[in-house]
Amino acid sequence: MAITFEYEDTKYTLEFNRNAVTLMEKGGFRLDQIGERPATLIPMLFEGAFLMHHRRVKEEKVHEIYKHVEDKEGLIVKLANMYQETVSSVLEEDDKDTKKISWEVQ
Amino acid sequence: MTNSEIFERVCPYFMSIGVSYHDFWFGDPQICKYALKAEKIRRERKNRDAWWQSLYMFKAMIDASPAFHDFGNDKNVELKFSTEEPFPLTQEDADRQEHDRELKRQQEIINQALNYMAAHNASFRAKKEKVTHDGK
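Worth saying up front: this structure is predicted, and the values here are computed from it rather than measured.

Trainee: If you had to explain the overall build of chain A to someone new, which residues and values would you point to?
Mentor: For chain A, the count of helices and strands is 4 helices and 2 strands. Counting every position in chain A, which comprises 106 residues, the buried fraction comes to 37%. A total of about 7,200 Å² of accessible surface is found on chain A, and carbon and sulfur atoms cover 50% of it.

Here it is in structure tokens:
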């Protein structure tokens, strides 16, 4: 799963790999603390998404791109899910132990 | 434990099941998900192969058994292979096998009931025909 867009005639693909996650954590990023420190961690999450395919893009450029992004909230939620998937992909699926919650439409 | 530490810890395992170092750290994260599924299939195949081998061994021992008369006193001893399917490797496999066995048991009960009903109907029909015949 990746997010793609074009900015100033350059195509960008935002995605995470395990190396990117490791580098982000070394830089102080913690997904579970994003609600407590959104001002610091949200920009870090966006910057981290460039590490896999666009490592050479400068920080200023990333900030400039972020300013022009529409639906920032939706993008951050998507990026957070992608980050989480990168982590969970090394864990074996075990649906047996997961308690299922049934739901209905009223 | 941080995610980086988890990755450090599981990387050797993924390398042991065929994911390269480069793919693990720099490739598509989904690679590991599919590697785990592939490993599960490999384990199941290996288990089934071992089970097949045990069947061949069992058959070979049965074939060789006439050479050893001590157990059977020259009579044919009826031996049965007790493991009808490979041992389950996971709880999920064990549950599935138990479910299949339960279905088989239920089907046997249904078949017995149907046979009983068919026999009962046949006997009832025969009695009825006899009464009709005698009544004429």
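Trainee: Please set out the interface of chain B and chain A residue by residue, giving values where relevant.
Mentor: With 21 residues of chain B at the interface, the matching set in chain A holds 20 residues. Note on chain B versus chain A: buried area summed over both sides is about 1,800 Å², and carbon and sulfur give 55% of it. Of all residues in chain B, Asn3, Phe7 and Pro29 of chain B bury the most surface against chain A, accounting for 29% of the area lost on that side. Counting across the interface, chain B meets chain A through 0 salt bridges. For the pair chain B and chain A, the interface holds 7 residue pairs in polar contact (both at pLDDT 80 or more). Here the side of chain B that touches chain A is composed, by residue class, of 10 nonpolar, 5 polar and 6 charged.

Trainee: Any chance you could break down the packing of aromatic side chains for me, citing the residues and the numbers?
Mentor: Evaluated as defined, the whole model comprises 14 aromatic pairs over all chains. Measuring from ring centre to ring centre gives 5.3 Å for Phe5 of chain A and Tyr12 of chain A, while their planes differ by 20 degrees; the resulting arrangement is stacked. Of the residues examined, Phe5 of chain A reaches a relative accessible area of 24% and is grouped as partly exposed. Taking the relative accessible area as the measure of exposure, Tyr12 of chain A reaches 5% and is therefore buried. In textbook terms, an aromatic cluster arises when at least three aromatic residues are bridged by ring pairs, as seen for Phe7, Tyr13, Phe14, Tyr21, Phe24 and Trp25 of chain B.

Trainee: Tell me about the side chain of Thr86 of chain A, residues and numbers included.
Mentor: Counting through the fold element by element, Thr86 of chain A comes out in helix H4 (residues 72-88). Discounting chain neighbours no more than four positions away, the residues touching Thr86 of chain A are Phe16, Asn17, Arg18 and Val21 of chain A together with Phe7 and Pro29 of chain B.

Trainee: So what's going on with the pairing of strand S2 (residues 10-14) of chain A? Which residues, and what values?
Mentor: Residue and element names in this part refer to chain A. Sheet analysis places strand S1 (residues 3-7) next to S2, joined by 5 bridges and oriented antiparallel. Looking at S2, one finds that Phe5 is bridged to Tyr12. The hairpin turn running from S1 into S2, its antiparallel successor, is 2 residues long, and Glu8 in that turn takes a positive phi close to 50 degrees.

Trainee: Which residues make up unusual backbone geometry, and what are the values?
Mentor: All names here are of chain A. With a phi close to 65 degrees, Asp9 is a non-glycine residue in the positive phi region. Position of Asp9 among the secondary structure elements: in the loop between S1 and S2. Residue classification places Asp9 among the exposed residues on the basis of a relative accessible area of 76%. Within the chain, Asp71 stands out as a residue other than glycine whose phi angle is a positive 50 degrees. With respect to the element layout, Asp71 can be found in the loop between helix H3 (59-68) and H4.

Trainee: Explain helix H3 (residues 30-64) of chain B to me, using residue names and the numbers behind them.
Mentor: For H3 of chain B, spanning 35 residues, the distance from its first C-alpha to its last is 51 Å, which sits close to the expected 51 Å at 1.5 Å a residue. Buried residues of H3 of chain B: Gln30, Cys32, Ala35, Leu36, Glu39, Asn47 and Trp51 of chain B, and no others. Residues of H3 of chain B that are buried sit in contact with helix H1 (18-26) and H4 of chain A together with helix H1 (3-16) and helix H2 (21-26) of chain B.

Trainee: I'd like a rundown of a nonpolar patch on the surface, residues and numbers included.
Mentor: Residues and elements named next belong to chain B. A contiguous nonpolar patch, built from Ile110, Leu114, Tyr116 and Met117 and spanning about 440 Å² of accessible area, is present on the exposed surface. Within the fold, Tyr116 resides in helix H4 (residues 91-135). In this structure Tyr116 comes out as exposed when scored by relative accessible area, which is 59%.

Criteria and thresholds
Residues numbered from 1 in each chain as written. Chains lettered and ligands numbered in written order. Predicted model: local features only at pLDDT ≥ 70, side-chain atom pairs only at ≥ 80, totals over all residues. Heavy atoms only, no water. Helix = DSSP H or I, 4+ residues; strand = E, 2+ residues; numbered from the N terminus. Buried < 20%, exposed > 50% of the residue type's maximum accessible area, 1.4 Å probe, protein only. Areas by Shrake-Rupley, 256 points an atom, 1.4 Å probe, with all protein chains shown as cover. Contact = heavy atoms within 4.5 Å. Buried area = accessible area lost by both parts, 1.4 Å probe. Salt bridge = Lys/Arg side-chain N within 4 Å of Asp/Glu carboxyl O. Polar contact = N/O pair within 3.5 Å; in protein donor to acceptor, adjacent residues only side chain to side chain. Nonpolar A, V, L, I, M, F, W, Y, C, P; charged D, E, K, R; others polar. Phe/Tyr/Trp six-rings, centres within 6.5 Å; stacked < 30°, edge-to-face > 60°. Pairing = 2+ DSSP bridges. Expected span 1.5 Å × (residues − 1). Patch = residues over 30% accessible without salt bridge, like charges linked within 9 Å, V, L, I, M, F, W, Y side chains within 5 Å.

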